[in-house]
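Below, each chain spelled out in residue letters.
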Amino acid sequence: MATEFFFTPIPDLPCPLGKFSKHPHRLPLFALPPLSVSSGNHRFKSVSTSKFKLSSSSSSPVNAVREEVIQTPNSDSQTIPPSSSKLVLVVGGSGGVGQLVVASLLSCNIKSRLLLRDPEKATSLFGEQDEETLQVYTGDTRNPKDLDPSIFEGVTHVICCTGTTAFPSKRWDGDNTPEKVDWAGVRNLVSALPSSIKRIVLVSSVGVTKFNELPWSIMNLFGVLKYKKMGEDFVRKSGLPFTIIRPGRLTDGPYTSYDLNTLLKATAGKRRAVLIGQGDKLVGEVSRLVVAEACIQALDIESTEGEVYEINSVEGEGPGSDTQKWKELFEAARSQ
Ligand SMILES: NC(=O)c1ccc[n+]([C@@H]2O[C@H](COP(=O)([O-])OP(=O)(O)OC[C@H]3O[C@@H](n4cnc5c(N)ncnc54)[C@H](OP(=O)(O)O)[C@@H]3O)[C@@H](O)[C@H]2O)c1
């Protein structure tokens, strides 16, 4: 298979954080009228179960995979699932994968806490939520002082999907470079986590072990793969129960990256099935929805603890949110 690059440097594109629309759709995402947010740590106040919908025309880029995800026996948009004892801290919840992680946690009635540089984004993305359901804290992972222990109080699981562009862009403003986000930020976050954490899932990238080899070395010109690998290694050595998910090039919305797939609004199309590998051998693309689902599934699948997986979208039927199917996919990757 031909290797294609993600992280193509492209001039500033608008970040479609408000990708959600009010068109009807079956994915049970929540969005409510914006809430005014003041500075400091934030908690959403009002209780509501209003359903929120992602943009939904059948031509919607995320539609095909989203429908695959939601057409499972476990997911019923009409029924609010029972509350879970988990409290999942999502770091990078305003990003493409992160938004889908948060939306999915909300739809499953799993308590979530966000650590965001700009808490206003939570309001515009996820609306007004019961503070029991969604709590928002302000912090920049580059600043250890921002990572106050109170942020982690009660947190049982962590999903970290922070990132920046591989090549210089507006996202690097204020020194928000791969070195600072993918290495220092991950190191700071992991160092601040209490040992009681049951699992940290880190979103990394395929190719991190081959950053000196072509074609990866081109993508790594500014060190993104090297720094992601350093972040991975820090997680691995932290002593915390971890799972690392390495996506191929990301497709489907929310289109937050500055790359060719964003320009082309690339979708997974018929590639609803999921291929999981180990050993950094996979090359290809993966839907952001699949990455988000993989992160959430990994929290509960015991056999994923201490493991590193590459993940791609391939043609065929997808596992949706069926935990048994995900378990089999993860286990198949290990036995290869
Ligand atoms: N694009 C690809 O094809 C590709 C391929 C393989 C792997 N990946 C990786 O997959 C992951 C998810 O990708 P994505 O496209 O969903 O990412 P994204 O949309 O770029 O989101 C990045 C997230 O990280 C947050 N962030 C950045 N710097 C931060 C900081 N200093 N402190 C706290 N939060 C910070 C951003 O918050 P703000 O809203 O404050 O900016 C945003 O929520 C990333 O790690 C990415 O590198 C991407």
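So, how was this worked out
- Residues numbered from 1 in each chain as written.
- Predicted model: local features only at pLDDT ≥ 70, side-chain atom pairs only at ≥ 80, totals over all residues.
- Axes fitted to C-alpha atoms, helices over the stretch in contact; angles between N-to-C directions.
- Helix = DSSP H or I, 4+ residues; strand = E, 2+ residues; numbered from the N terminus.
- Parallel < 35°, antiparallel > 145°, perpendicular 65-115°, else oblique.
- Left-handed = near helix turned anticlockwise from the far one by under 90°.
- Contact = placed C-beta atoms within 7 Å.
- Nonpolar A, V, L, I, M, F, W, Y, C, P; charged D, E, K, R; others polar.
- pLDDT = per-residue confidence, 0-100.
- Core = buried A, V, L, I, M, F, W, Y, C linked by C-beta atoms within 7 Å.
- Buried ≥ 20, exposed ≤ 12 C-beta atoms within 10 Å, placed from the backbone.

**Student:** Just give me the short version of the packing of helix α2 (residues 96-107) against helix α9 (residues 288-300), but keep the residues and values in it.
**Tutor:** It is at 8 Å that the axes of α2 and α9 come closest, and there the two elements cross at 55°. By the angle between their directions, the pair α2 and α9 is classed as oblique. Here α2 runs over α9; the crossing is right-handed. Across the interface between the two elements, G96, V97, L100, V101, S104 and L105 from α2 touch R288, L289, V291, A292, E293, C295 and I296 from α9. In the contact of α2 with α9, the residues fall into nine nonpolar, two polar and two charged.

**Student:** So what's going on with the confidence of the model for the chain? Which residues, and what values?
**Tutor:** Parts of the prediction with low pLDDT should not have their coordinates interpreted in detail. Here the chain averages 79 in pLDDT, and 75% of its residues register 70 or above. Here residues 1-79 scores under 50 on pLDDT; set against residues more than four positions off or in separate chains, the count is 165 contacts.

**Student:** I'd like to hear about the nonpolar core, residue by residue, with values.
**Tutor:** By size, the foremost hydrophobic cluster in this structure holds 75 residues, and its most contacted members are V101, C160, I245, V291 and C295. At nine residues, the largest contribution of residues to this core is made by α9. Here C295 is in contact with V101, I159, V201, V203 and I245, once residues within four sequence places are set aside.

**Student:** Please give an account of the environment of A292 that cites residues and values.
**Tutor:** If you trace the backbone, A292 turns up in helix α9. A sequence separation of 191 residues divides A292 from V101, and the C-alpha atoms of the two residues are 4.9 Å apart.

**Student:** Got a sec to walk through the environment of N109? Specific residues and values, please.
**Tutor:** Considering the arrangement of structural elements, one finds N109 in the loop between α2 and β3 (111-116). For N109, a count of 15 C-beta atoms within 10 Å gives the class partly exposed.

**Student:** Summarise unusual backbone geometry; cite the residues concerned and give the values.
**Tutor:** With an omega of 0°, the peptide bond between L214 and P215 qualifies as cis. Summarising the element assignment, P215 is placed in the loop between β6 (199-203) and α6 (216-219).

**Student:** Report on the packing of helix α5 (residues 178-192) against helix α7 (residues 224-237), specifying residues and quantitative values.
**Tutor:** At a closest axis distance of 8 Å, the pairing of α5 and α7 adopts a crossing angle of 5°. As far as their axial angle goes, α7 and α5 are roughly parallel. Of the residues in α7, those touching α5 at P178, E179, D182, W183, V186, R187 and V190 are V224, Y227, K228, M230, G231, F234 and V235. Taken together, the residues that form the contact of α5 with α7 break down as nine nonpolar, one polar and four charged.

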